[in-house]
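Next come the chains, spelled out residue by residue.
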Amino acid sequence: NDALRLLSKWRHALLQNTLIQNTGLNVLDGPFKGIKFLSRSLEGCYVPKILGCYEQPLHKTIENIISTDYDIILNIGSAEGYYATGFAKRMPKTIIRAFDLNKAVKKPILSLIASNKITNCIYSDDEFLTEHFDNYRNKKTLVFCDIEGAEKSLLNPHKASGLLDMDIVVEAH
């Protein structure tokens, strides 16, 4: 099994490198088509992101989000910024707040924001706490959240009544 796992990773790296060599770093299709992406992904599979089919069942939801006039999108668990940058590029009048506790994502997400000339996305490596939702109470806010199973404790309307006025999308795997 270990040998097959290594062989699979090697094959994936070959595919990824071939794709980058032949098409560059731009996302080829999907809701974030045209975004200049990174040369590797910290979270999730790289090839589907660059092809534009990453988490394809969410594409209709993403298009609905983009067509809604949100003041703020809170991308909690942003990783390297695929969604944060995609939303920021497609929704230039919306402020995107990207949060991730993993210190390893800081350089990639800031690079992704800069290479796409994004001005409406702010990254923070501070922990987003339930009480922070109250800071966005009087704004049309979407919470786009993927925090590896901790969503239930964070998205608790009994601790943050401001959540009741927000739209929420949870990327549960």
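Residues numbered from 1 in each chain as written. Predicted model: local features only at pLDDT ≥ 70, side-chain atom pairs only at ≥ 80, totals over all residues. Heavy atoms only, no water.

Looking now at the nonpolar core. Phe32, Ile65, Ile73, Tyr83, Phe87, Cys121 and Phe144 are the most contacted members of the largest nonpolar core, which has 34 residues in total. If you list the elements that add at least two residues to this core, you get helix H2 (46-51), helix H3 (59-66), helix H4 (82-90), strand E2 (95-99), helix H5 (106-115), strand E3 (121-124) and strand E4 (141-145). Looking at which element gives the most residues to this core, the answer is H4, with 5 residues. Residues within four places of phenylalanine 144 in sequence aside, it is in contact with Ile65, Ile73, Leu74, Asn75, Ile76, Tyr83, Phe87, Val169 and Glu171. Core analysis: the next-biggest nonpolar cluster, separate from the first, contains 14 residues, Leu74, Ile76, Phe99 and Tyr136 among them. (Core = buried A, V, L, I, M, F, W, Y, C linked by side-chain atoms within 4.5 Å. Buried < 20%, exposed > 50% of the residue type's maximum accessible area, 1.4 Å probe, protein only. Helix = DSSP H or I, 4+ residues; strand = E, 2+ residues; numbered from the N terminus. Contact = heavy atoms within 4.5 Å.)

Let's shift gears to H3. All buried positions along H3 are accounted for by His59, Ile62, Ile65 and Ile66. Down the axis, H3 shows its buried residues gathered within 115° of arc, on one side only. In this fold, the buried residues of H3 make contact with strand E1 (72-76), H4, E4 and strand E5 (167-170). (Arc of directions from axis to C-beta.)

Bringing the pairing of E4 into the picture now. Counting buried residues in E4 gives 5 out of 5 residues, a clear majority hidden from the surface. Here E4 shows a buried face lined by Thr141, Val143 and Cys145 and a second buried face lined by Leu142 and Phe144. Pairing of E1 with E4, which is carried by 5 bridges, proceeds in the parallel orientation. By the bridge assignment for E4, isoleucine 73 is matched with leucine 142. Bridging between E4 and E5 involves 4 bridges; their strand directions are parallel. (Pairing = 2+ DSSP bridges.)

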